[in-house]
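Listed below, chain by chain, are the residues.
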Amino acid sequence: MSDTAPAVLSPELTRERIGRYKSRLKAGSEALRAAYEARPLTDPILKGRSHLVDGVLLDIWADFQLPASAALVAVGGYGREELFPCSDVDLLFLLDETPDADLSERLTQMIGLIWDIGLDIGHSVRTVDECIEEAGLDVTVMTNLLEARLIGGNARLFGEFTARLHEQLSIGQFFKAKRLEQEQRYTRHNETPYSLEPNCKESPGGLRDLQLIGWISRAAGFGTHWRDLAQHGLVTSEEATELRELERFLQHVRIRLHHIANRREDRLLFDHQEKLARKFGFEANEHRRASEVFMQEYYRTAKKVTQLNTILLQNFGAEFFPNRYPVAININERFQCVRELLDVRDEGVFDRHPSALLECFLILQQRSELKGMTARTLRALWRGRKLINAEFRHDPANRALFLRLLQQKRGVVHEMRRMNQYGILSFYLPAWRRIVGQMQHDLFHVYTVDQHIMQVLRNVRRFMVAEHAHEYPLLTRLATSFEKPWLIYIAALFHDIAKGRGGDHSKLGMKDARDFCTAHGLDETDTALVEWLVQHHLSMSNVAQKQDMSDLDVIRRFGDLVKNERRLTALYILTHADIRGTSPKVWNGWKGKLLEDLFFATQRLLRGATPQQALGTPVRQEDARNLLRYYGLRPGTEDKLWAQLDTVYFMRHDAEEIAWHARMLYYRIESDEPVVKARPSHGGEGLQVMVYARDQKDIFVRLCGFFARLGFSIADAKIHTTRHGYALDSFLLLDPGQEIHYRDVIALLEHDLTERLRHPDAPVDQPASGRVSREVKHFPITPEVTIHPDERGQHFIMSVTAADRPGLLFDVAETLAQHGIDLHTAKIATLGERIEDTFLISGPDLTQDAGILRIEADLLEKLTI
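The rules we used
Residues numbered from 1 in each chain as written. Predicted model: local features only at pLDDT ≥ 70, side-chain atom pairs only at ≥ 80, totals over all residues. Heavy atoms only, no water. Helix = DSSP H or I, 4+ residues; strand = E, 2+ residues; numbered from the N terminus. Rg over C-alpha atoms; globule rule 2.2 N^0.38 Å. Buried < 20%, exposed > 50% of the residue type's maximum accessible area, 1.4 Å probe, protein only. Areas by Shrake-Rupley, 256 points an atom, 1.4 Å probe, with all protein chains shown as cover. Salt bridge = Lys/Arg side-chain N within 4 Å of Asp/Glu carboxyl O. Pairing = 2+ DSSP bridges. Contact = heavy atoms within 4.5 Å. Arc of directions from axis to C-beta. Core = buried A, V, L, I, M, F, W, Y, C linked by side-chain atoms within 4.5 Å. Axes fitted to C-alpha atoms, helices over the stretch in contact; angles between N-to-C directions. Polar contact = N/O pair within 3.5 Å; in protein donor to acceptor, adjacent residues only side chain to side chain. pLDDT = per-residue confidence, 0-100. Parallel < 35°, antiparallel > 145°, perpendicular 65-115°, else oblique. Nonpolar A, V, L, I, M, F, W, Y, C, P; charged D, E, K, R; others polar. Left-handed = near helix turned anticlockwise from the far one by under 90°.

Focus on the overall build of the protein
Phase 1: A tally of regular secondary structure across the protein gives 40 helices and 16 strands.
Phase 2: The C-alpha atoms of the protein give 31 Å as radius of gyration, which agrees with the globular expectation for 865 residues (29 Å, within 12%).
Phase 3: When its C-alpha atoms are laid out on the principal axes, the protein stretches across 95 × 70 × 60 Å.
Phase 4: Out of the 865 residues belonging to the protein, those deemed buried represent 56%.
Phase 5: Looking at the protein as shown, the accessible area adds up to about 37,500 Å², and 49% of this sits on carbon and sulfur atoms.

Right, dumping it as structure tokens:
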């Protein structure tokens, strides 16, 4: 391949070159920094460093006499000439064919010299074919290469590379992949830009959000400047100007952060915030440090970035998939559904009907098919927030509407976050406005006050949702049985609302909570509970962590404080959620055990129960025992089986199911033979099937395939693994065609499935083909797959939303099996033609974002009709 003799620099010449290039880079960087500090402009320093590095690399390229057939290419941020002071330099050595030994040696020496002169490089040596192949497999590689810029070498080869790359690109797939990538990044940063030490590049609302828009725009051919998006009608000219201003601010933050740290540092650590504030000219005032003033400006910027990012992604989606949802569906006289998004019927809706500013969030909670709001609705919402004035807040109808938002079965946290994001919460609760973006300088909070409250609300809410029961089973049992759980939501909203005012924030917040409850028509008992919870939200934590709980007087005093079990339960739920909402690092099992011990000790004191009763199994176990006695089983018959089952099992099954399982299994707990039992469900509208067998590879896939082959639709699945390694799975099967007489197939199903499970190496049954329903054809549902770690970091929760069809669950199970994913529990929810399934999973592919993205992409491909 080499068309010149190999250029090997002598040690003396190498040292000379290293010294010369180091000095050149140092002098150039110092000049750029001095010019920036004299006149802070982003383009000159970012492009200037790119050009400085270009010049050095071109000289090195010449030193090593690389062949005329090769090209040196800048990619990534360096490719778009956006090289921050300490950013790494991404390079592609582009070749026309695989390098021979001589060229490989020269490239190795050249790359080593580049490192030696102080450039932190990320490099690859690839042919055009190899680039195209890798870009097709990895969206990150595709993104990097999209920004390729020729530094030197063969222009023809570079032109071939860029042409083939764009031929390879599918804008629809690229768009979906980048959205999934952003969701994963948001998850890593806990879905919020408001951590106290955010990453100005990677956190939500950071530079990456803007870069993602730029990548999609470049890939789609819309241009590389914000004004280009305005010309294509994707943003208004005012928004384009605002995007550039937001980008400049974040660029200034990152430039100055690199200068302060003198290394690549993108986190706004406490160590740097005060220095950054001074660089930006912020000064301390009577109430806040300069760093707090600066950080509030940063949070305002991040909030606006996330708003515009949402608008642009929606507009991109409409542009790339224009014919998927051709018809708007009216919801009421104010709102309609467009592309599965809530849309105002016209842009004057909020002016004519100010109460619609709250109603829109209620509709999102009540209609699960809606995935958000259209761009014009979000814009109208942001403009209309100032309509929420004193008159609006005093309107009884609006007060009732706000309470309904807290009382819904779904979407409470999502919509409260959205209301906070678009300023609605600040205008409805004036006290809230004071804590938006407010820093907390202590040793445990990692969020601003408003975002900490949102985390606490989210934690409380998770206790109410069955699919999260495995995380904190006791809390879930208590929360799901608590009357009016939305009272705890109110307490969560107000528990820290008075922070930063001076004085005891618990007492000040108590008054705000009382005023809210009185204004919103809560009765005296409920108002007293919320008020008490806010006042004492730190009490349980203080007793559990700082006092001797073996001292009966401590427990008695705490019992005197709570007075009744309703208060105790509510406080336990709020305290648990509050501690976990401070920081992922603050919570640990020891603290959880302290709180639990205090809860049970106080509960026993309040109700006079024995420790065994307090720590025993739920009421449903007692009901199940009574049923077993009714069927003639002696007391204790169930104990051996129940010892192998965890709390989640008892929470997921009713007493009748628990008793049925015990009757079928108590005498074959260690059975080598699979046990399959079926019976008509209550009401005779389906078939209940129980499977008990030694756990085997891909058992859930096999079961799904078997049921689907028989033509059954799985309406519900409860998957469990016992402590001694048996699968105990139960299913509710339905016949979509309503042609099967369930009793007639029980014996056949039990026999055939038992035979299948006896031969785990036999081929998996494939589901019978079936037609998609008319409803799905006319009103398609865009599939969604999300995977995120559970609270304990031991497993992952996968949520799947899609249009229902025959064999769908089999496709999901098979895809998981192909990726080596283990399934622990599954909750299947079919809502008409829509499925919303939740799975608790684990596996090696889930430990890296790339693995999660591959699983999500494969599932989306299977789920797309």
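Having put the structure on the table, let's press on.
Some thoughts on the pattern of salt bridges
Phase 1: One pass over the full model with this rule turns up 54 salt bridges.
Phase 2: With a closest N to O distance of 2.8 Å, Asp-54 and Arg-149 form a salt bridge. Here the residue Asp-54 occupies a position in helix α2 (residues 42-63), and Arg-149 occupies one in strand β4 (residues 149-153), the gap between them amounting to 95 residues.
Phase 3: Judged by relative accessible area, which is 10%, Asp-54 ranks as buried.
Phase 4: Members of the salt-bridge network, linked through shared partners, are Glu-16, Arg-17, Arg-20 and Asp-63.

Brief notes about the pairing of strand β7 (residues 341-344)
Phase 1: Here β7 shows a buried face lined by Leu-341 and Asp-343 and a second buried face lined by Leu-342 and Val-344.
Phase 2: Here four bridges tie strand β6 (residues 335-338) to β7, and the two strands are oriented antiparallel to one another. In the strand pairing of β7, Phe-335 is matched with Val-344.

Remarks on the environment of Trp-587
Phase 1: Along the chain, the position of Trp-587 falls in the loop between α29 (565-580) and α30 (589-607).
Phase 2: When the C-alpha positions of Trp-587 and Asp-116 are compared, they lie 44 Å apart, and in sequence the two are 471 residues distant.
Phase 3: Those residues in contact with Trp-587 that sit more than four places away from it in its chain are Tyr-472, His-576, Ile-579, Arg-580, Gly-592 and Leu-595.

Thoughts on helix α12 (residues 270-279)
For the α-helix, the turn length of 3.6 residues means that residues three or four positions removed from each other point alike.
Phase 1: Every buried residue of α12 is listed here: His-272, Gln-273, Leu-276 and Ala-277. Along the axis of α12, the buried positions cluster into a sector of 140°, meaning they face one direction only. Of the exposed residues in α12, those oriented more than 90 degrees away from the buried face are Asp-271 and Arg-278.
Phase 2: Two residues or fewer after α12 comes Gly-281, characterised by a positive phi angle close to 85°.

Examining unusual backbone geometry
Phase 1: A positive phi angle, near 65°, is found at Glu-191, a position not held by glycine.
Phase 2: The residue Glu-191 is located in the loop between α8 (171-188) and α9 (207-220) in this model.
Phase 3: The phi dihedral of Lys-484 is positive, around 55°, even though this residue is not glycine.
Phase 4: By secondary structure assignment, the location of Lys-484 is in the loop between α23 (473-480) and α24 (486-494).
Phase 5: Under the relative-accessibility criterion, Lys-484 is labelled partly exposed at 28%.

Notes on the nonpolar core
Phase 1: Counting 193 residues, the largest nonpolar core has Leu-91, Phe-161, Phe-316, Phe-350, Phe-402, Trp-432 and Ile-490 as its most contacted members.
Phase 2: Top element by residues in this core is helix α13 (residues 290-320). It accounts for 13 residues.
Phase 3: Those residues in contact with Phe-316, other than ones at most four positions away along the chain, are Phe-175, Ile-213, Ile-216, Ser-217, Phe-222, Leu-229 and Leu-234.
Phase 4: Counting 52 residues, the second largest nonpolar core, distinct from the first, contains Cys-704, Ala-727, Ala-817 and Ile-835.

A word on the sheet that holds β6
Phase 1: As summarised here, the arrangement of the three strands in space is β5-β6-β7, forming an open sheet in which the pairing is antiparallel. Of all the strands in the sheet, just β5 (329-330) and β7 have a single pairing partner and so form its edges.
Phase 2: Its contacts with the sheet place helix α15 (residues 356-366) against β6 and β7, and it is angled at close to 40° to β6.
Phase 3: Running over the sheet, helix α16 (residues 375-384) touches β6 and β7 and is turned about 60° from β7.

Things to note about the side chain of Glu-340
Phase 1: Inspection of the secondary structure puts Glu-340 in the loop between β6 and β7.
Phase 2: Under the relative-accessibility criterion, Glu-340 is labelled buried at 9%.
Phase 3: Here the side chain of Glu-340 touches Thr-782 through a polar contact of 2.9 Å, side chain to side chain.

Some words on the environment of Ser-87
Phase 1: Checked against the element boundaries, Ser-87 lands in the loop between α3 (76-79) and β2 (89-95).
Phase 2: Counting along the chain gives 276 residues from Ser-87 to Ile-363, while the straight-line C-alpha distance between them is 45 Å.
Phase 3: In contact with Ser-87, other than residues within four places in its own chain, are Arg-49, Arg-254, His-258 and Arg-264.

Things to note about the confidence of the model for the protein
Phase 1: Looking at the protein as a whole, its pLDDT mean stands at 88, while 92% of the residues score no less than 70.
Phase 2: Of all secondary-structure elements in the protein, the lowest mean pLDDT belongs to helix α31 (residues 611-615), at 37, while α24 reaches the highest, 98.
Phase 3: Long-range and interchain partners of residues 610-617, a stretch whose pLDDT sits below 50, account for eight contacts in this model, where long-range means more than four residues apart.

A word on the packing of α12 against α13
Phase 1: In contact at an axis separation of 8 Å, α12 and α13 are set at 80° when each is read in the N-to-C sense. Classified by the interaxial angle, the pair formed by α12 and α13 is roughly perpendicular. Contacts between α12 and α13 pair Gln-273, Glu-274, Leu-276 and Ala-277 from the former with Ala-290, Ser-291, Phe-294 and Met-295 from the latter.
Phase 2: For the contact of α12 with α13, the per-class residue count stands at five nonpolar, two polar and one charged.

Comments concerning the side chain of Gln-211
Phase 1: Tracing the backbone through its elements, the reader meets Gln-211 in helix α9.
Phase 2: Within the structure, the side chain of Gln-211 is placed 2.5 Å from the side chain of Arg-208, a separation counted as a polar contact.

A word on the packing of helix α36 (residues 699-709) against helix α37 (residues 742-758)
Packed helix pairs are characterised by how far apart their axes lie and by the angle those axes make with each other.
Phase 1: Packing of α36 against α37 leaves a shortest axis separation of 11 Å and a crossing angle of 145°. Along this stretch, α36 crosses α37, giving a crossing that reads as right-handed. Within the contact between the two elements, α36 uses Ile-699, Arg-702, Leu-703, Phe-706, Phe-707 and Arg-709 and α37 uses Leu-749, Asp-752, Leu-753, Arg-756 and Leu-757.

A closer look at the environment of Cys-200
Phase 1: Within the secondary structure, Cys-200 sits in the loop between α8 and α9.
Phase 2: Separated by 50 residues in the primary sequence, Cys-200 and Leu-250 place their C-alpha atoms 6.8 Å from one another.
Phase 3: Beyond its immediate sequence surroundings of up to four residues, Cys-200 is in contact with Gly-206, Leu-207, Val-253, Arg-254, Leu-257, Asp-266, Leu-268 and Tyr-298.

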